[in-house]
Every structure is written in structure tokens, then in C-alpha cells.
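Letter by letter, the chains look like this.
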Amino acid sequence: MVAKFDLTDDSVVVVIGTGAGGGVLSNELAQKGVKVVALEAGGRYLPEDYINDEWESFGQLAWTDPRTTSGDWRVARDFSGLPAWIVKAVGGTTTHWAGASIRFQEHEWKALSTYGAVEGANLLDWPIDAAEMAPWYEKAEAKLGVTRTGDRAGLPGNNNFKVFEKGAKALGYTEVHTGRMAINSADYDDRMACQQTGFCFQGCKWGAKWSAAYTDIPRGEATGNLEVRDHAHVARILHDESGKVTGVEYFDKDGNLQMQKARIVCVAGNSFESPRLLLNSASEMFPNGLANSSDQVGRNYMRHTTGSVYAVFEKPVRMWRGTTMAGIVQDEAHHDPSRGFVGGYELETLSLGIPFMAAFLNPGGWGRSFTTALDSYENMAGMWIVGEDMPQATNRVTLSDVKDQWGLPVANVHFSDHPNDVAMRNHAYKQGMAIYEAVGATRTFPTPPYPSTHNLGTNRMSEKPEDGVCNKWGQTHDIANLFISDGSQFTTGAAENPTLTIVALAIRQADFIAREMAVGSI
Amino acid sequence: MSKIERQGLTRRALLARSVAAGALVVAGAGFIAAPNAAWAVEVRVISEHQMATLVQMARDIYPHDRIADQFYAIAVKGYDAEERKALVEEGVAALDAAAQAAGHADYVSMGWEEDRVKILQAMEDSGFFQTVRGGLVTGLYNQKEVWPIFGYEGESFSQGGYIERGFDDINWL
Ligand SMILES: Cc1cc2nc3c(=O)[nH]c(=O)nc-3n(C[C@H](O)[C@H](O)[C@H](O)COP(=O)(O)OP(=O)(O)OC[C@H]3O[C@@H](n4cnc5c(N)ncnc54)[C@H](O)[C@@H]3O)c2cc1C
Ligand code: SF4
């Protein structure tokens, strides 16, 4: 029986956003008997609703409310209103995600200690480490059914992977495989095995890929402890005179402003919306926004050092067939400053269909140099670079002068690459192109970063309250019953795709919240 | 269709050639497509010359020799609208003026793509160029009918994915 809680029920935990962080947290709390109201700005879509068509799916699922951009990243020029490619729907961006699920390396929890101070970067060690996270990672891997962990087999390699693997091995790389993927290689947890349809980014119509939309959300609802309200856009978090949060105001399906009381509020709107919400909740008592005594809310925005390499061969590859991202080279993921930068990067297979390739291969490009690349689309292979980028205090989310449909100031996203990011990307381009050249590529394309899919760091965790927004549990330093529960709590980004870590942190946070609630400390 | 013919389009002539491609569907607002007769582009607000210039410009921006005119026409069809009339008038006039300055009658009658491209490069930062180019990214490449020309197979769920249809069939490595 799906729960229904009263707006005046101040015993509930309110979770804002139902993606990797919020969706998992909601279910985990509900499983422990905690009453949860999850408020989600988007609508509900299930596998039968997903569309095998890039732009149509984008129109169905993506967050297209206004945002603004600044800084010298190319996204601000080519996609000025679309700094990120993320989802507005129940399940959040876990509908779009590709499923690559890898743990941080041990040293990445301690970036400042390992790399030393880097000029212009606001590096910090996480207040947690690999040993602390190991059991939570294990639970997260089991929840997501990650291949090549536990006793789960790897996925078979598709055409795009075979080209990538052969080139990588020719270069001497050894850590090359079809990835640790939250995609079933065999039936698992009531979800079927991957059918290699190749539209992982558009929502998996088979349910082979894990998404909170059809796992954690319905399972949480089945406990009777979780009520998910969709089309509920949270406008503001409220607090009392003691500085504790007391509830939230949100616009419901019909555009009416509602107030939901709460014992605890957990913010999980992804790294633009979470800080935006804290900033938009400024009050007389907290004029700079909630949980912002450190002035770190919105700062240290990270998006991973990304880029893609596509290559054309004499003969067909048909990279779009099969899983979008099941292929990885991990040899460059370690920290080796002799390469001219700190931190490391992963190379992962990637494919886009013709519509997205036209939009993203070289935004703004035209003429024969561009069109002859597309003419060879059938013979193309592709990979994505994902590496650790440097947190910078000036890369940040602030409130824009532009307002959204609710009259609320939208997020402005300011980003400029750090020289370390540029050096890493150039190294990765070179290696990526060499991989394809080793198997006979006739032409390669070092492709610029897309609108950000990995958005991190804007409410970061820190040991000391002055260095960040929340503590090692995601609890804000300033307000004990206000939590950060999404990727915005990342202290640093590491080289790995972030979602497994977001999920592990959410499971761990649920455990903490339930425990503290039981002893009455929050 | 030669440049000259494009210049002298009649209402029904523009898309006539590509009918051979077969089962095409109505794909753009205001388009009238008769499956077994000639394709027509209906121009209501802008002139035929302006439409012909837009089609040529679209091809010069994203030249794919295996893509027929009709797909470019579909992609720019939306400019035949009251609210875009001024933009088109001004833009086409600028193209023609540049062509005349280079000794040609107008843009569409210039024989070589590279000569036309030089004119486009000179106006690359204009609102007209950027609007037309930006619109083509989805207007041209999001037409399902052009995907097979690139080899792209599109939707695959209804066919059971590629698990038994060649996801790993590469044979030349
Ligand atoms: C194409 C693509 C591919 C990706 N592939 C991978 C991958 O292979 N591996 C990986 O690890 N990661 C991948 N990611 C990234 C991954 O999806 C995100 O890191 C992850 O989903 C972020 O989790 P989150 O909880 O921070 O936010 P989200 O999952 O984005 O959830 C946030 C939710 O909050 C809602 N929300 C926001 N503001 C409000 C508000 N004010 N009121 C109510 N609701 C609100 C949003 O609508 C959204 O549903 C990919 C992302 C994309 C776009
Ligand atoms: S390739 Fe596999 S995981 Fe991806 S959408 Fe298709 S069935 Fe789902």
C-alpha cells in the first residue's frame, strides 16, 4: 500500500529529488521503517514509456527548465542554456545514465594529501576513506547488480568494444574489459539480461540497466512508508527561530504552492539544483542561504575532465549496436604526475546515434570537414574520457537574474578549466587517438566535452565546517536536521563515474539517519 | 537538379526528383507530399527564389552528396513563415549581394560549392547564418528518413535489440 502523509505531519523525512541519491535514500529509509515524503519535480516514466529516439527521449526526460552559464568552457558558448544533460523525472538521471559503476581508488579519497596543494585548486581530503566505504560499496554493487563484482559475470563486448580493446591492447594497456556495469549480464534481482538494444541513454526499455525509477522507488512505496509526489518542485526550505529546518514549500502538479512539514530534510536535486535551493532559501537568519556559513554552497563545481574521441575506419563498426558504454581502459586512472598532471582518467566506450552525433561531434562546425565525418558514421568507433578535475572556488553555481516558470531565480553555472584539467584532457586525446590509430583509423576526432552529465561538489563534505557544507554523513555543518544526499556532497571527483559512490553514500546516510532518529538526536 | 532549375522553381518542381526514393512520409509543417506524384514545396510567405536559396545554403552548410534536395527542403521549410520573413529576406539579399560582388547573377547560380562556401564563411557570425545552421542540426539530422543513408538503424527495441542481430558481428579486426 502506497503511503499518503499529511502536509502537517512533522514526523516525516522529506527527500528532495528521486535520482541516484534521493531515490536510493528514500527507499533505504522506508525499508528501515522511517516515513518518507519524496518530492520530485519531474513526472513518472517507466520502461514501457521510454523512447528509442535521442531527441524525443531528451524531450521526454531531460531537465529543460532554464539555466544560465558563464566562464570560458565551450559549453557556455555552444549550449549556453544547457550546462548539463540531466533528467527531471522520478528516478532522476538514473533513467539516462549508462551504468558504468566503479569504485574510487584508495588514494582518491585523500586528494590533497596525495597530490599536494595544486595552485588555483581548492583540493581537500574527504573526511572518509576507502576502508570506511568498502562495505557500503559492496551493498551498492549488490543493489545495482554491477557486473564483474560479487559473482556477476561481465557483459559481452560489442563491435565498439572490440575495436577499442584491440587498439588498447596494441598500445600495451592491460586493464581492458567490458566494464563494471549496472547492467545485467544475466537475469538478476527480477530484472532481465541486456538485449543489446543500444539506447542505454534513453532509458532501458528492458529494465536490464538499474534505475531507481523501477527498482528503489516502487520497492520503497511497497513498504507503505514512502510517498513519492511527482511534479512537485521544491521552492524553498523553511526553518524556525532555533535554526532547525521545519519543512519545505513546493509547487504541486497544479502549480499551487504547498507546505510540507518535516522532521528532517534531505536535498538531492543534483549539483545545480541542490545549491540553488539552499541559496533560494535565504532568510533573515541565514541571509547567504541555508547551511552556507562557510560560503562554500555552490562552489567547487566539478564536472569531470571529459571529452570524446571518435575515429573512422575503412570498414563498418556500427558502434550504436549494443550497450552504450560497456568497455573500459583503466591503465591511465592512477596518479602519475610524470604525465604532467595530477590524478588520472578512465577511457570508456561510447556511442551516439546520428542525431546526437550531429549536435555534439563539433558543435558549431559545418562544411565538408564536418559532413564527411558523418558520412562515415557507419565506420565510426567512439570512446569517452572521464578524469578527475580540480575543484576551484570560482567554478560555482550562483543565482541568476533569470527566473524560471515559478518565478524563482535559476542557477547560473560558471566553469573554466584548470590547467591540470587541460593537460589531462590533451593527454587523454592523444592516447585515445593512438588506440584507434593502432587498429587502422583513417581519421580521428578529439571531440569537446558535452553538456555535463556528471555534476559534483557544490555542497561538499569536509572535516572542518569552514571548508565545506556538510560533514562525513552528509549532514550540514550548520543545521543538524538538513542533509545533502546527492553528488553535490563530493569533496573531490576522482576519476570514476560517480553514481556508484552516490548510491553507496546514500545507503550509508540512510543508516545514519535511521540510527540518529531512533536515539532521538535529530 | 541544376542550380538554374532551382532558381526557377515552380511550386511542385522542387522535390520532384526524389520521389524515386519511395515511401517517404509527410515530414514538415505545411508540406504536401503525394506518394506517387511529384513532391511539392509550398511557399506561402517567402518567394520561391528565397526558398531555393535556403535549400542551396542548407546543402552548402551540411553537404551530403547522397542526401536528396527534399530533405534539405524539409529542414528549411519552417522559414516560410510570417515571423521569419524579415530574417530570410535580409539574409538572402546579403547572399545575393555577395554573389553579385563576385560577378555572379545570384547565390544559387554560382557553379562551385567552394565559391558559395567562401560567401558563407564571410557571414558565419551573422544571426541569419547561425540561425539557419543551428536549425539544420535537428532539422536535417533528426529526419528519420535520412538515417539509413548514414547506415544508422534507429529504434531497435521492437526488433529485440541487437543481441541476435549483430551487436558483435565485426569481422575485419
Ligand atoms: C547520459 C548520461 C550518462 C551517464 N552515465 C553514467 C554512468 O555510466 N555512470 C555513472 O556513474 N554516472 C553516469 N551518469 C551520471 C549520473 O546519472 C548522475 O551522476 C546521477 O544520476 C546523479 O545523481 P543525483 O542524485 O545527484 O541527481 P539526479 O539523479 O539527477 O536526481 C536529481 C533529481 O532531483 C530532481 N530535482 C531537482 N531539483 C528539484 C526541486 N527543486 N524539487 C524537486 N525535485 C528536484 C530532479 O528532477 C532529478 O530527478 C550519466 C548521466 C547522463 C546524463
Ligand atoms: S543495451 Fe542493454 S542496458 Fe542498454 S538499453 Fe539496451 S538492453 Fe538496456
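Everything numeric here is computed off the predicted structure, so don't read it as measured data.

The next thing to look at is the packing of aromatic side chains. Residue and element names in this part refer to chain A. Within this structure, the stated rule accounts for 35 aromatic pairs over all chains. Centroid distance Trp 85 to Phe 360: 6.2 Å. Interplanar angle 15°. Geometry classified as stacked. Residue Trp 85 is found in the loop between helix H3 (75-78) and helix H4 (111-115), and its partner Phe 360 is found in helix H9 (residues 354-360); the two are separated by 275 residues along the sequence. According to the relative accessible area criterion, Phe 360 is buried, its value standing at 5%. Here Phe 313 and Tyr 436 contribute two aromatic rings whose centre-to-centre distance is 5.8 Å and whose plane-to-plane angle is 85°, an arrangement assigned as edge-to-face. Here Tyr 436 lies in helix H11 (residues 419-437) and Phe 313 lies in the loop between strand E10 (305-312) and strand E11 (328-329), a separation of 123 residues in the sequence. Each member of the pair Phe 313 and Tyr 436 is classed as buried. Counting every residue linked through ring pairs, the aromatic cluster contains Trp 55, Phe 58, Phe 79, Trp 85, Phe 201, Phe 356, Phe 360 and Tyr 450. Note that Lys 88 overlies the ring of Trp 63, its terminal NZ or CZ placed 5.0 Å from the centroid. Between the NZ or CZ atom of Arg 515 and the centre of the ring of Trp 473, over which it lies, the distance is 5.7 Å.

What follows is about the sheet that holds strand E3 (residues 68-70) of chain A. Residue and element names in this part refer to chain A. Spatial ordering of the open sheet is given by E3-E15-E14, a layout of 3 strands whose pairing is mixed. Two strands in the sheet have a free side with no partner beyond their single neighbour: E3 and strand E14 (396-403). Within the sheet, the average angular offset between the axes of one strand and its neighbour, ignoring direction, is 35°. In terms of strand pairing, E3 meets strand E15 (residues 409-414) through 3 bridges, oriented parallel. Within the sheet, the bridge partner assigned to Thr 68 lies in E15 and is Asn 412. Here helix H8 (residues 270-280) sits on the sheet and contacts E14 and E15; the angle it forms with E14, its principal contact strand, is near 70°.

A few words on the state of the cysteines. Disulfides are covalent bonds that link the sulfur atoms of two cysteine residues. Per the stated rule, a full pass over the model turns up 0 disulfides over all chains. For the unlinked cysteine Cys 266 of chain A, the closest cysteine sulfur is that of Cys 470 of chain A, found at 11 Å.

Ranked by size, the top nonpolar core spans 127 residues in total, and within it Tyr 310 and Tyr 436 of chain A carry the most contacts. Counting 78 residues, the second-largest nonpolar core is a separate cluster that includes Phe 104, Met 133, Ile 479 and Leu 505 of chain A.

This part is about the site of ligand 2. Close to ligand 2 lie Ile 183, Cys 194, Gln 195, Gln 196, Thr 197, Gly 198, Phe 199, Cys 200, Cys 204, Trp 206, Lys 209 and Thr 323 of chain A, which account for all nearby residues. Considered class by class, the residues forming the shell around ligand 2 number 6 nonpolar, 5 polar and 1 charged.

With that settled, the discussion passes to the pairing of E15 of chain A. Relative to E15 of chain A, E14 of chain A runs antiparallel, the two being bridged by 5 bridges. Bridge assignment links Arg 396 of chain A to a residue of E15 of chain A, and that residue is His 414 of chain A.

Glancing now at empty space enclosed by the protein. Take a probe with the size of a water molecule and roll it over the atoms, and the empty space left behind shows itself. Residues and elements named next belong to chain A. What the rule picks out here adds up to 6 cavities of 30 Å³ or more. By volume, the second largest cavity is sized at about 100 Å³. Lining the second largest cavity are 13 residues, and of these Glu 54, Gly 198, Ser 351, Leu 352 and Gly 353 sit closest to its centre. Of the residues that constitute the lining of the second largest cavity, the class distribution is 5 nonpolar, 7 polar and 1 charged.

The next subject is the UniProt feature "domain: Glucose-methanol-choline oxidoreductase C-terminal" (unreviewed entry) in chain A. With numbering matched to this structure, UniProt assigns "domain: Glucose-methanol-choline oxidoreductase C-terminal" (unreviewed entry) to residues 391-506 of chain A. Within residues 391-506 of chain A, the helical portion is 23% and the strand portion 19%, while the C-alpha atoms at the span's ends are 22 Å from each other.

Residues and elements named next belong to chain B. Model confidence for chain B is summarised by a mean pLDDT of 82, while 77% of its residues fall at 70 or above. For residues 1-38, every residue scores under 50 in pLDDT, and the model assigns this stretch 76 contacts once sequence neighbours within four places are set aside. Interface confidence for the predicted complex, given as ipTM, is 0.93, next to a pTM of 0.95.

Residues and elements named next belong to chain A. Around ligand 1, the structure places 39 residues, and the nearest of them are Glu 40, Trp 85, Thr 93, Asn 270 and Thr 499. One of the backbone nitrogen or oxygen atoms of Gly 21 is found 2.8 Å away from an oxygen atom of ligand 1. Here Ala 89 contributes a backbone N or O atom positioned 3.1 Å from an oxygen atom of ligand 1. Summarising the interface, the protein chains cover 99% of the accessible area of ligand 1, which totals 1,000 Å² for the free molecule. Looking at the shell around ligand 1, the elements that each hand over two or more residues are helix H1 (20-31), strand E6 (233-239), H8 and helix H12 (499-518).

A volume near 330 Å³ is recorded for the largest pocket. Forming the walls of the largest pocket are 20 residues, and the residues nearest its centre are Asp 78, Pro 363 and Gly 364 of chain A together with Arg 133 and Val 137 of chain B. Looking at the lining of the largest pocket, the elements that each hand over two or more residues are H3 and H9 of chain A together with helix H6 (127-139) of chain B. In terms of residues, the lining of the largest pocket owes the most to one element, H6 of chain B, which gives 5 residues. Looking at the lining of the largest pocket residue by residue, the class counts come to 8 nonpolar, 6 polar and 6 charged.

Time to look at the pairing of E6 of chain A. All names here are of chain A. With 5 of 7 residues buried, E6 is to be regarded as a mostly interior element. One ladder, built from 6 bridges, connects E6 with strand E7 (residues 245-251); its direction is antiparallel. Within E7, the position partnered with Arg 236 by the bridge is Glu 249. The antiparallel hairpin formed by E6 and E7 contains 5 residues in its connecting segment, where Gly 243 sits at a positive phi of about 90°.

On to the interface of chain B and chain A, then. It is common to give the size of an interface as the accessible area lost on bringing the parts into contact. Taken residue by residue, the interface counts 40 residues in chain B and 43 residues in chain A. Each partner contributes to the roughly 3,700 Å² buried at the junction of chain B and chain A, and carbon and sulfur atoms together form 62% of this total. Counting the surface chain B buries against chain A, the share from its top three residues, Tyr 152, Phe 167 and Trp 172 of chain B, is 20%. For the interface between chain B and chain A, the tally reads 6 salt bridges.

Before going further, it helps to spend a moment on the UniProt feature "domain: Glucose-methanol-choline oxidoreductase N-terminal" (unreviewed entry) in chain A. When the UniProt feature table is mapped onto this chain numbering, "domain: Glucose-methanol-choline oxidoreductase N-terminal" (unreviewed entry) sits at residues 88-305 of chain A. Across residues 88-305 of chain A one finds 23% helix and 14% strand; the C-alpha atoms that close the span lie 24 Å apart.

Looking now at the pattern of salt bridges. Residues and elements named next belong to chain A. Considering all chains together, one arrives at 36 salt bridges over all chains under this definition. Of the charged contacts, one joins Asp 216 and Lys 143 as a salt bridge, the two residues approaching to 2.5 Å between their closest N and O atoms. Of the two residues, Asp 216 sits in helix H7 (residues 216-222) while Lys 143 sits in helix H5 (residues 130-144), which places them 73 residues apart along the sequence. Each member of the pair, Asp 216 together with Lys 143, is buried. Here Glu 378 ties to Arg 318 by a salt bridge, and the two come within 3.0 Å at their closest N and O atoms.

What counts, and where the lines are drawn
- Residues numbered from 1 in each chain as written.
- Chains lettered and ligands numbered in written order.
- Predicted model: local features only at pLDDT ≥ 70, side-chain atom pairs only at ≥ 80, totals over all residues.
- Heavy atoms only, no water.
- Phe/Tyr/Trp six-rings, centres within 6.5 Å; stacked < 30°, edge-to-face > 60°.
- Helix = DSSP H or I, 4+ residues; strand = E, 2+ residues; numbered from the N terminus.
- Buried < 20%, exposed > 50% of the residue type's maximum accessible area, 1.4 Å probe, protein only.
- Lys NZ or Arg CZ within 6 Å of the ring centre and 35° of its normal.
- Pairing = 2+ DSSP bridges.
- Axes fitted to C-alpha atoms, helices over the stretch in contact; angles between N-to-C directions.
- Contact = heavy atoms within 4.5 Å.
- Disulfide = S-S within 2.5 Å.
- Core = buried A, V, L, I, M, F, W, Y, C linked by side-chain atoms within 4.5 Å.
- Near = heavy atom within 4 Å.
- Nonpolar A, V, L, I, M, F, W, Y, C, P; charged D, E, K, R; others polar.
- 1 Å grid on protein atoms, 1.4 Å probe; cavity = no way out; pocket = protein on both sides within 12 Å on 5 of 7 lines; lining within 4 Å.
- Points joined across faces, edges and corners; volume = space filled by probe spheres on them.
- UniProt positions renumbered as here; feature names shortened; annotations may be inferred.
- pLDDT = per-residue confidence, 0-100.
- Polar contact = N/O pair within 3.5 Å; in protein donor to acceptor, adjacent residues only side chain to side chain.
- Areas by Shrake-Rupley, 256 points an atom, 1.4 Å probe, with all protein chains shown as cover.
- Buried area = accessible area lost by both parts, 1.4 Å probe.
- Salt bridge = Lys/Arg side-chain N within 4 Å of Asp/Glu carboxyl O.

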